[in-house]
Structure formats: structure tokens, C-alpha cells
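Single-letter residue listing:
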Amino acid sequence: MTTLPQARKRKRSVTGYVVALFVILGVVAYLVFGSAGNSLVYFVTPAEYQMKASEYTGKTLRMGGLVVEPDYNPDTLELKFTMLDSDGVTRIPVEYRGALPDLFKANQGVVVEGTMQNGTFMGKTLLVKHSEEYRAPHSGDSTNYKQLIEEAQ
Amino acid sequence: MTEFLGLGFSELGAYGTLSLLLALGFVLYGLTMSVLGGIKHDPRFTESGRRSAWAVFLFVSVALFVLEYAIFKDDFTVRYVYRHSMSVSPTWVKFVTLWAALEGSILLWAWVLALYTFLVSVSVRKDALRPWVMASMFFSLLFFVGINLTVASPFTPNVNGATEGLGPNPLLQNHWMMAIHPVLLYLGFVGLSVPFAYAVAALITRKLGESWITQTRTWLLSAWMFLSAAIVAGGWWSYEILGWGGYWAWDPVENASFVPWLLATAFLHSIQIQERRRMLKTWNVYLIIGAYATTVLGTFLTRSGVVESVHAFGNGPIGPVFFGFFAVLMLIGIVLASVRAPLIRDDHTIDRPISREGAFLAGNIVFLSFAVMVVLGTLFPVLMEAVRNVRTSVGPPFFNQFAIPLGLILLFLMGVGPLLPWQRQKNENLWKAMQIPVGAGVLVGIVAFVFGVRDLAVALTVALCAYNVAGLLKLTLRAAQDRGGPGKIVELFRIHPRRYGAYVAHIGLVVMALGIAFSGAYKTESELTLKANQPQQVMGKTAVLKDIRIQDFPEKRSVEAHVVLGKEDTYAKLNTYVNQPQQPVAMPFVKYHPFSDTYVTLLAYKQEENWATVRVIQTPLVSWIWIGTLVMVLGSFISLQSPTVNVQTRTRQQEVTA
């Protein structure tokens, strides 16, 4: 006699919390993933960027390519160079402020994280993959920049 | 046989493999005997299974010793030693090389698991749970010893006849924390296997009452303590080594340790509801299964190359194997729990949401949401690629979106819980209980605002911390008053170590929360190039480069820039290890202060031109995170003590003499 109402009662109280769990999860997930586009970092090569430039406006990008004509002032820590895609054609001007890693030279592969502003890629971080597998790429080489971009830490 | 073991190529490797094979044999024997003992209810089988745990521990220890010995002897006929060690490394680096790469770390995992199994075998009660607890432990051992013999064998011989090894990862030979963090982490991760084993045993034997929970409390709390310390130790390592002045980046490997921590913390609280109110039996079982399974899932995620991580040890068959084990664990858990679910009846229900159990359960839900979000966030790049075919990564801003609000909610609930009594609570009593803490929180929040805290999350953190401290102080002082004055606090700790240990742990978390909030919001940094003896201004201080010193060691070249910052001497280093000359590793200089750390990283230098580029970082209250963790660990330790009844007996004696 007494078990039936009790069972019903238990079900209600537990269901309440389970519903709360799903509601919280739903709301949080919606808020976070809904605006995820703003906090994501997209991995692109210069050529890929050029193809869908409008899509990447204001987004944080991680771009990889070959360093061409670097100009660095060690006193102001200002760096300017052109990034050449592995297709050997697409070029994008890059600006960065900060110390340079040892490996940074002309004709080296580099990965830069930052945003595009008025046609110039403003780098916030310079990432170079240092590892025993890393080999400096050459112009028109077959370096897998996609992989380099993903692996750069 | 010797051919198969590779004795011809590597003697030590063969001994290692042989002892692992023997360990595997005893694991299989122990598993069979334990299951038989459980099915036939015959204590002779159970006893036999239990004792084989001792043999397993012995042989895994031998294997561990053999690998360590091979590393110290520079025996490069063992592939692990060849790939991850070198003869010139200092002793402590060789010692930690054991767990500095994949195979060795799995062997350490197996060893810790064998150690726990041994400890369980000597402490487990002689009840119906016993055979199944041992069987579950053997089941986990089967996996770890098994992969150590197959896909992650540290004893595979190396046949290239090398006389020097490739050496350990430069990042891992830089700091003594490497000796602490992984060991603590495995003690925590593997420690969760014991409550898991008890949960499985409880499900199989249908004894889902409080017995399995009271028996695992010490295990769980110790594991939780190790895991908490390990996560923070990892953060500390990152702070001391990686040179960016932070300690947490939501890297998949960090998330991998954080998710089990969240679930274990939820479990730690919800089992109290089961002990007190005999509710949430199924929920608790699912939680501990989830906590244990996520330790395996985390290892899969970070070791398989599925997600990018600083810890990715490279691809290999290890990923799918771990995923398989994760799937098996979840499957066992879910199938068992759903088969048994109709039998499980909770004796009580939550009568009112505003009660301690209500607050604990709400906290559980937040913990669980947090864990799910962290897992989703970690997998998000994988999902994005699958759905939209773009490669992306998610960084701290993404995680902070939900971590900050959820963390604040947890801080709030942490303050409510202890103030509320179990079961029913009338609303007016709630308000009465909350007056002082809420008042303190609001007051301190306003003070913080007046003193210039304009960041909403930080201001809220400060207010919530004050409210937590006020609540705990109020409770403690009132209890002491009831016993005759504030001097009785020590006595309270003796009588109720669990409760007051928990209070101490909460205070530790409060200290930590302040550290996280302030260091996250008010970090300032600047990069500058200094010429020798030419002062420059940086963040309100004068920076002068005194000199650059280069020292050569057998295993590394160390460049040290002596920079005077304000009145402080700093010595940031850049180490280049002989085994990876192309990857210099910065060794930041950290000067710990109670209120703001000074942090200098050497980025680039030229000795002949006498210049050095440094990054200077000022971060407030970072030390509070380390101190808070120590307090939290101390609290868990107090909680583990058994209550003394001396006080009561003494009063009774007095009564008798009077």
C-alpha cells in the first residue's frame, strides 16, 4: 500500500534533478557552442585564406608558409615579412612584434597566429615546430604546411 | 623461448618481458580464482585469487626495477632506453626517464595498479564483495599488464647496436617537478580503480547499501587528494617551465586529468548523501564508473593523436586499444547498472531542495555539466572537422566562457552546503543561517570594488570567497562555543576530523579560487631587448642587463642572463640539450612573492653583442594557488584521520571520580 506513492514520489524528485541537468547542459552548450566561432582558431594556408577571405574576417587564424624578405628591428622588436604559400604564388604580408625564435630566417617555414587587418596579417604569436622531424622547407617544396600548422605549439 | 623473449639481443629486456609474462600469468590466475570464488561462494578460491595479487605485485615490481636498472646502466639494447635516455643525463633525469615516455609511463601505471591491488588484497573485508573486488582489480591489471607486453612494450630489444641513446625530451629534463607530477597523477588516476572495483562488486552481488561506500571512503579520498595535488603540480610545472607565465591552458592533457577530478569530486559529495540518507545509489555507481572510465578516455585522447596536445607521445596502436578498454569499462558499467537498477530502491527521497542533500545534488549537477562541457570542448575540433571540414583549435577563451560561471556557481554552492542541515529546512531558518555569510560576501565585494576591482568575475569571486570563509567561521565558532569556548577548536578537529577536514579543504579551495581569479585577470607582460648596462623602464621598474653567462654541462649548454629588475636579481636561462640542439628550452626565472610574482623568460640573446631579449611578466596571487592546494591536501589528510573518542572518555572518568 505504502510503496506505490513512495515510488511515485521518488521518481518525481529524481526526475527534477535530471531535467535540471539537461536544462543546464543545454543552456551552457548553446551559449558556448553558439558563439564558438569567435573563440575558435582556424588553421589555414595563405591560399585557403584568399579563397574564403570574407569568411575569416575578424577571426583568429593560424597561418603557415614560407618566410620571404624578413625585416626585423631588434630594438623595437618589430618584424615584417611576406608569407609565401607552398603553391609558390599566394603571398600575404605579415607583421609581428616580439622576440624571434632562433630558427626564424628567410626561406624557413613558419606558423603565425593572429588576425587579418586591412590586408595585413597581424601576428600575435609566432609558432615554429621544433623537432627532430622538422626540416626547413624550400620554395615550391612539398612541405605539408597543413600538418605543420596543426602541430605547431 | 629465449629467441622469443629477445634474450639474444637484450638480456635485461628479456628479464623484463619474462617478469611481465609471469605477472600476466598470475593476473589471469587471480582473475579466474576470484571469479570462481565469487560464483561458487567458496572462500578457498577467493583466498587463492587474493594471494596471487602478491605475486603480481612482485613481478611487476621486478619489471619496473629492470627498466630502471637498464636506464641507469645505459643499456641501449633496450629500445625504450635507446629512444628516451642518454648516458650523460644526471641521475635524477635518468630516474624520471622511467615515466618520461609512453611505454615506461604505462609500466608505471601498471605498477601503481599492482600496488593498489596488493594493498586492497591485504585490507579488503571478508565479505561477499571481496572476490568481486579482487576480480575487478585483476581485470584492470589484465589490460595494463597486457598492453605492456604487446603494443606498449618497454622491453622490446633494440638491434641497431647503438652506443648512445636519443635522450629524453628536453622539456622533461628541465625541472624536478617531473619527478613528482606524473607519480602523483598515477596515484590519483589508478586510485580511482579501487572505488570502481567496489562499485562493480556491489552491483554484481546486489549489495548496493552503504558498505561498499564506507569501505572505499579512504581509497577515494586518498585518490582524490593525489589527483588534486597532481593537477596543480602539473600546472606548477607548466608555470615554471613553459615560459608563458601561465599554469593552465585547457590543453587536452590538462582536461584529461580535470574531467576525472570533477567526477570524483562530485562522487565524494554525493556518497555522503547515500551514507546519511540512503539515496542516489544508482547515481553514485554511475559517477564512479564515469570517473574511472574518463581516466582511460583521457589517456586515449592524449596518446592517440586524435586531438593535438603538448603531451601527444605520437601515434600508434595504443590509442585504439585504450579506446577499446574505455568502451569495455563503460559497457560493463552501464549494462551492470541497468540490469541491477530495478533492484535498487532508495530508502528516502529529497524532500526539499533547500537542504544539505539538495545543495550537494545541485553541486553534483554542476560538476557533471562541467565535465561534459570539458569533454565536448576537447573533442570540438574533431567534431568541427567531421561536420564542416575545417581544421580548428579551441583555446582558453572558449573554455573560460563556461568554466568561469560554473566555477562561480560551485563556489556559491560550496558555501551553502555546510550551512544547511540534512533533510528538511524551513525558509526562515535558511535566511537566518545565510545572514552573516551573505553579509560578509556583499561587504567584501563592495570593498574590493572600492579598491579598484572592476572585473565582474573577480569581484564575484572575492565576494563568494568571503561568504564561504564567513560561513565556515560561523559554523566552527558556534560549535566551539557549544563546547565551552573558542579554545575548543582543536577538540572539534579531534572529534569530527571528517567535517573539519572538509572545512579546511574548502578554505584551501577559496585561497585557490582567489589565486586563479586574480592571476587570470590581472596578468601583465612585456617583451624588451636589453643592451648590457643600459637601463630601460618596464612596467614601472628599471631593468638592467648585467651580463650573459654561458655554462657547459655534459648534457646541456646553459645560457644565463643576469637582469636586475627594480631591486631584484633575476637569472633567466636558456638550456640547449645535446640530444636536441635545435630546440633550446627556456628556463624562466620565477621570484615568488605573496602578492605578485616576478617572472622573467630569456627569449633570445647574443653574447658577443651583449644584448638579450626577455619577457617580463607580473602576475598577482599565483602563489595562492600553490598554497591553497597545500591547504586542500592538508584538509583531505585531516579528513582521513579516524575520530578520537578520548575527550568523551575523559569527561566520563571525571564524572566517576567526582
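Residues numbered from 1 in each chain as written. Chains lettered and ligands numbered in written order. Predicted model: local features only at pLDDT ≥ 70, side-chain atom pairs only at ≥ 80, totals over all residues. Heavy atoms only, no water.

Here we look at the overall build of chain B
Check the secondary structure of chain B and you find 21 helices and ten strands. Since a compact globule built from 658 residues should have a radius of gyration of about 26 Å, the 27 Å found for chain B is in line with a globular shape. Along the three orthogonal principal directions, the C-alpha set of chain B runs to about 80 × 75 × 70 Å. Looking at chain B as a whole, 58% of its 658 residues are labelled buried. Of the contacts made within chain B by residues no fewer than 6 positions apart, 73% connect residues no fewer than 24 positions apart. Summed over its atoms, the accessible surface of chain B is roughly 27300 Å², and 64% of this surface lies on carbon and sulfur atoms. (Helix = DSSP H or I, 4+ residues; strand = E, 2+ residues; numbered from the N terminus. Rg over C-alpha atoms; globule rule 2.2 N^0.38 Å. Buried < 20%, exposed > 50% of the residue type's maximum accessible area, 1.4 Å probe, protein only. Contact = heavy atoms within 4.5 Å. Areas by Shrake-Rupley, 256 points an atom, 1.4 Å probe, with all protein chains shown as cover.)

Looking at the overall build of chain A
Each helix and strand in chain A was counted, giving four helices and six strands. The order of α-helices and β-strands along chain A, N terminus first, is α-α-β-α-β-β-β-β-β-α. Burial status across chain A gives 44% buried among its 153 residues. Counting only carbon and sulfur atoms, one obtains 54% of the accessible surface of chain A, whose full area is about 8400 Å².

So, the packing of helix 14 (residues 356-388) of chain B against helix 15 (residues 396-419) of chain B
Residues and elements named next belong to chain B. Helix 15 packs onto helix 14 with a crossing angle of 165° between their chain directions and a minimal axis gap of 9 Å. In terms of their interaxial angle, helix 14 and helix 15 are classed as roughly antiparallel. Like other packed secondary-structure pairs, helix 14 and helix 15 cross with a definite hand, here left-handed. Here the contact of helix 14 with helix 15 is composed, by residue class, of 19 nonpolar, five polar and one charged. (Axes fitted to C-alpha atoms, helices over the stretch in contact; angles between N-to-C directions. Parallel < 35°, antiparallel > 145°, perpendicular 65-115°, else oblique. Left-handed = near helix turned anticlockwise from the far one by under 90°. Nonpolar A, V, L, I, M, F, W, Y, C, P; charged D, E, K, R; others polar.)

Comments concerning the pairing of strand 6 (residues 120-127) of chain A
All names here are of chain A. Where strand 4 (residues 91-97) meets strand 6, three bridges bridge the pair, whose relative direction is parallel. Bridged to V94 within strand 6 is F121. Strand direction decides the pairing type here: strand 5 (residues 109-117) and strand 6, joined by seven bridges, are antiparallel. In the strand pairing of strand 6, V112 is matched with L126. Connecting strand 5 to the next strand, strand 6, in antiparallel fashion are two residues, including N118 with a positive phi near 50°. (Pairing = 2+ DSSP bridges.)

Some details on helix 13 (residues 318-340) of chain B
Since the α-helix advances by 3.6 residues per turn, residues separated by three or four positions end up pointing in the same direction. Residues and elements named next belong to chain B. Taking 1.5 Å of rise per residue, the 23 residues of helix 13 would be expected to cover 33 Å, and the 33 Å separating its terminal C-alpha atoms lies within 8% of that figure. Taken as a whole, helix 13 has its buried residues at I318, G319, F322, F325, F326, L329, G333, L336, A337 and R340. Along its buried surface, helix 13 packs onto helix 6 (102-123), helix 7 (130-149), helix 9 (193-205) and helix 12 (281-303). (Expected span 1.5 Å × (residues − 1).)

Overview of the sheet that holds strand 9 (residues 596-606) of chain B
Residues and elements named next belong to chain B. One open sheet holds the four strands; their spatial order is 2-10-9-8, and the pairing between them is antiparallel. Of all the strands in the sheet, the pair left with one neighbour each is strand 2 (524-531) and strand 8 (589-591). Strand-to-strand twist in this sheet, taken as the mean axis angle between neighbours without regard to direction, amounts to 20°. As paired strands, strand 9 and strand 10 (residues 611-620) are joined by ten bridges and run antiparallel to one another. Looking across to strand 10, one finds that T601 is bridged to R615.

Observations regarding the domain arrangement of chain B
All names here are of chain B. Here chain B is partitioned into domain 1 (1-173), domain 2 (179-412), domain 3 (413-422 + 433-522 + 627-656) and domain 4 (525-622). A separation of 42 Å is found between the C-alpha centroids of domain 1 and domain 4. Contacts between domain 1 and domain 4 engage ten residues on the former and eight residues on the latter. In this assembly, domain 1 packs against domain 4 so that about 730 Å² is buried in total across both faces, 64% of it on carbon and sulfur atoms. When the area that domain 1 buries against domain 4 is broken down by residue, the three leading residues are V88, P170 and Q173, summing to 59%. Remark: the boundary between domain 1 and domain 4 carries zero salt bridges. (Domains from an automatic or database assignment. Buried area = accessible area lost by both parts, 1.4 Å probe. Salt bridge = Lys/Arg side-chain N within 4 Å of Asp/Glu carboxyl O.)

Looking at the sheet that holds strand 5 (residues 556-565) of chain B
Residues and elements named next belong to chain B. Spatially, five strands are ordered 3-4-5-6-7 in an open sheet, and the strand pairing comes out antiparallel. The open sheet has two edge strands with one neighbour each: strand 3 (536-538) and strand 7 (585-587). Strand-to-strand twist across the sheet, computed as the mean angle between neighbouring axes with direction ignored, equals 35°. Of the pairings in the sheet, the one linking strand 6 (residues 568-577) to strand 7 comprises three bridges and is antiparallel in character. Note that in strand 7 the partner of L574 across the bridge is A586.

Some thoughts on the packing of helix 17 (residues 456-483) of chain B against helix 19 (residues 497-521) of chain B
Residue and element names in this part refer to chain B. Running from N to C, helix 17 and helix 19 cross one another at 165°; their axes reach a closest spacing of 10 Å. Relative to helix 19, helix 17 is oriented roughly antiparallel. Like other packed secondary-structure pairs, helix 17 and helix 19 cross with a definite hand, here left-handed. Here V458, T461, V462, C465, N468, V469, L472, L475, T476 and A479 of helix 17 come into contact with helix 19, specifically with Y500, Y503, H506, I507, V510, A513, L514, A517, F518 and A521. Partitioning the contact of helix 17 with helix 19 into residue classes produces 16 nonpolar, four polar and no charged.

Structural notes on the environment of P70(A)
Residue and element names in this part refer to chain A. With respect to the secondary-structure elements, P70 resides in strand 2 (residues 60-73). Judged by relative accessible area, P70 falls into the partly exposed class, the value being 34%. Taking C-alpha positions, P70 is 5.8 Å from K80, a pair spaced ten residues apart along the chain. Filtering out sequence-adjacent residues up to four positions away, P70 remains in contact with L79, K80, F81, F104 and A106.

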